[in-house]
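Chain and residue survey
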Amino acid sequence: MTPLEALQTTLAGEHAAVYLYGVLGARSSMSAQPELYELLVDGFRTHRRRRDELTEMIHGRGAEPVAAEVSYDLPGRLATPAQLRGAALRVERRTAGGYGQLVEGTAGEERRWALVALDECAVRQLELRGSPEQFPGLTH
Amino acid sequence: MTPPRPTSGSSAAPGISRRGVLAAALSLPVLPLAGCALNNPLDSRRTPAAEAIPALAPDVGVAVEAVARIRATEATLTATTQRHAALAAPLAGLAAMHTAHLDALIDAVPDRVDTTTTQAPSTVPETPAAARRAVVVAERRMREELTELALRAQSGLFARLLASMVAATGQQLAVLGGERG
């Protein structure tokens with residue numbers, strides 16, 4: 001995989017993450033579950049920021065960033081706070097795997113950026129009640 | 001990345017296994033070390049081991065450094081839990097993580113390279129709270145060092161393995177109380 005392909009693949013993943021976090025945020029309640037709502041809103045903003053940064057990085061290479069899909073399959077039922085939290089956790093695990101792949105496919109400053117993003121995803125998993133892993137971002 | 005499946009088009013890239021990473025690391029060429037009295041690469045660039053490292057295949061040198069850094073941090077952790085038994089439980093996650101990471105790296109290190117640390121063990125602070133803070137400082141330093149090694153690695157797979165270790169350490173430090181640094 002070339003660095004550009006790795007960036008494009010990661011961007012595709014961030015498009016999906018932004019979409020899913022948007023859905024999750026819309027299905028949570030700011031008044032009934034303020035902590036969860038804040039987590040989801042923060043996750044949405046973080047992934048949106050990373051999506052935009054990836055878009056810039058790809059433009060900087062003179063390429064056209066991959067576009068988002070019209071919609072994405074939702075990961076099962078999203079009715080209860082536990083289901084919303086679990087879905088967000090799965091998004092973070094997948095995204096961490098994507099950033100692991102980006103570390104693998106890049107070098108220099110792009111790799112450093114991916115390292116930071118992977119680290120953030122790993123810690124966000126804990127905020128979503130995930131457990132620490134020995135090798136986050138390696139297998140998802 | 002393996003994004004959720006779009007409702008139309010787009011394929012997902014497969015993830016990789018740790019075994020796959022290690023297989024790649026192990027396939028790196030290793031230059032012969034005959035005549036080198038290799039010891040601790042942490043000491044300084046003047047030691048025989050440190051002088052030998054640049055002569056190794058680039059990522060083998062990175063692996064040797066990573067093992068040495070983790071072992072040095074592990075030694076700090078062990079000394080701390082021996083002095084303050086009450087810290088053994090809260091630091092157990094870090095200890096298990098170090099073991100897993102060393103297991104993952106050790107096969108990438110040539111047999112003749114001794115990565116045991118010869119650094120003078122740091123004095124464990126008298127109070128558990130101070131000792132815990134000292135562990136956090138050591139872990140943060142190791143994280144920074146592993147980050148730099150991940151950036152130096154020429155093998156993308158090996159860089160990914162090191163990056164994963166950095167992230168795992170970040171998780172453990174977060175569990176300890178938001179002291180990731």
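This write-up is about the structure you can find in this document. Predicted, not measured: the structure shown is a model, and the values here were computed from it.

About the thresholds
- Residues numbered from 1 in each chain as written.
- Chains lettered and ligands numbered in written order.
- Predicted model: local features only at pLDDT ≥ 70, side-chain atom pairs only at ≥ 80, totals over all residues.
- Heavy atoms only, no water.
- Helix = DSSP H or I, 4+ residues; strand = E, 2+ residues; numbered from the N terminus.
- Buried < 20%, exposed > 50% of the residue type's maximum accessible area, 1.4 Å probe, protein only.
- Contact = heavy atoms within 4.5 Å.
- Rg over C-alpha atoms; globule rule 2.2 N^0.38 Å.
- Areas by Shrake-Rupley, 256 points an atom, 1.4 Å probe, with all protein chains shown as cover.
- Lys, Arg positive; Asp, Glu negative; His and termini not counted.
- Charge placed at Lys NZ, Arg CZ, Asp CG, Glu CD.
- Core = buried A, V, L, I, M, F, W, Y, C linked by side-chain atoms within 4.5 Å.
- Expected span 1.5 Å × (residues − 1).
- Salt bridge = Lys/Arg side-chain N within 4 Å of Asp/Glu carboxyl O.

Within chain B one finds six helices and zero strands. Secondary structure elements of chain B, listed N to C terminal, follow the sequence α-α-α-α-α-α. For chain B, the proportion of its 181 residues judged to be buried stands at 48%. Sequence-distant contacts in chain B: of pairs separated by 6 or more residues, those separated by 24 or more amount to 75%.

This brings us to the overall build of chain A. Of regular secondary structure, chain A possesses four helices and zero strands. The C-alpha atoms of chain A give 15 Å as radius of gyration, which agrees with the globular expectation for 140 residues (14 Å, within 12%). Seen through its C-alpha atoms, chain A measures out along the principal axes to roughly 45 × 35 × 20 Å. The long-range share in chain A, meaning contacts at least 24 apart out of those at least 6 apart in sequence, stands at 76%. Summing over all exposed atoms, chain A offers an accessible surface of approximately 6000 Å²; the carbon and sulfur share of this is 52%. Averaging the positions of the 16 positive and the 19 negative side-chain charges in chain A gives two centres separated by 6 Å.

What follows covers the environment of Arg61(A). Residues and elements named next belong to chain A. The topology assignment puts Arg 61 in the loop between α2 (34-60) and α3 (81-105). Under the relative-accessibility criterion, Arg 61 is labelled partly exposed at 41%. Note: C-alpha distance between Arg 61 and Leu 4 (57 residues apart in sequence) is 7.7 Å. Those residues in contact with Arg 61, other than ones at most four positions away along the chain, are Pro 3, Leu 4, Leu 7 and Glu 110.

Before going further, it helps to examine the nonpolar core. Most often, soluble globular proteins keep nonpolar side chains buried together rather than apart. Judged by nonpolar contacts, the single largest core of 60 residues is most densely connected at Tyr99(A), Leu105(B), Leu146(B), Leu162(B) and Met165(B). Of all the elements in the fold, those that place two or more residues in this core are α1 (3-26), α2, α3 and α4 (108-127) of chain A together with α3 (58-83), α4 (92-106), α5 (128-152) and α6 (156-177) of chain B. Broken down by element, the residue count for this core peaks at eleven residues, all from α6(B). If we ignore the near neighbours within four places in the chain, the residues touching Leu162(B) are Val62(B), Ala66(B), Leu105(B), Leu146(B), Leu149(B) and Ala150(B). Residues Tyr21(A), Leu36(A), Leu40(A) and Ala88(A) belong to the second largest nonpolar core, which totals 15 residues.

Now for α4(A). All names here are of chain A. The end-to-end C-alpha distance of α4 is 29 Å, a good match for the 28 Å that 20 residues give at a rise of 1.5 Å each. Where burial is concerned, most of α4 is hidden: 14 out of the 20 residues are buried. Just past α4, the residue Arg 129 takes up positive phi, approximately 70 degrees.

Residue and element names in this part refer to chain A. For the coordinates displayed, the defined rule picks out 15 salt bridges over all chains. The shortest N-O distance in the salt bridge between Asp 52 and Arg 51 comes to 3.1 Å. For Asp 52, a relative accessible area of 37% corresponds to the partly exposed category. Glu 109 serves as the salt-bridge partner of Arg 112, at 3.6 Å between the closest nitrogen and oxygen. Of this pair, Arg 112 and Glu 109 are both found in helix α4, three residues apart, which corresponds to roughly one turn of the helix. When its relative accessible area of 58% is taken as the criterion, Glu 109 is described as exposed. Residues participating in the shared-partner salt-bridge network are Glu 14, Arg 49, Arg 50, Glu 53 and Glu 120.

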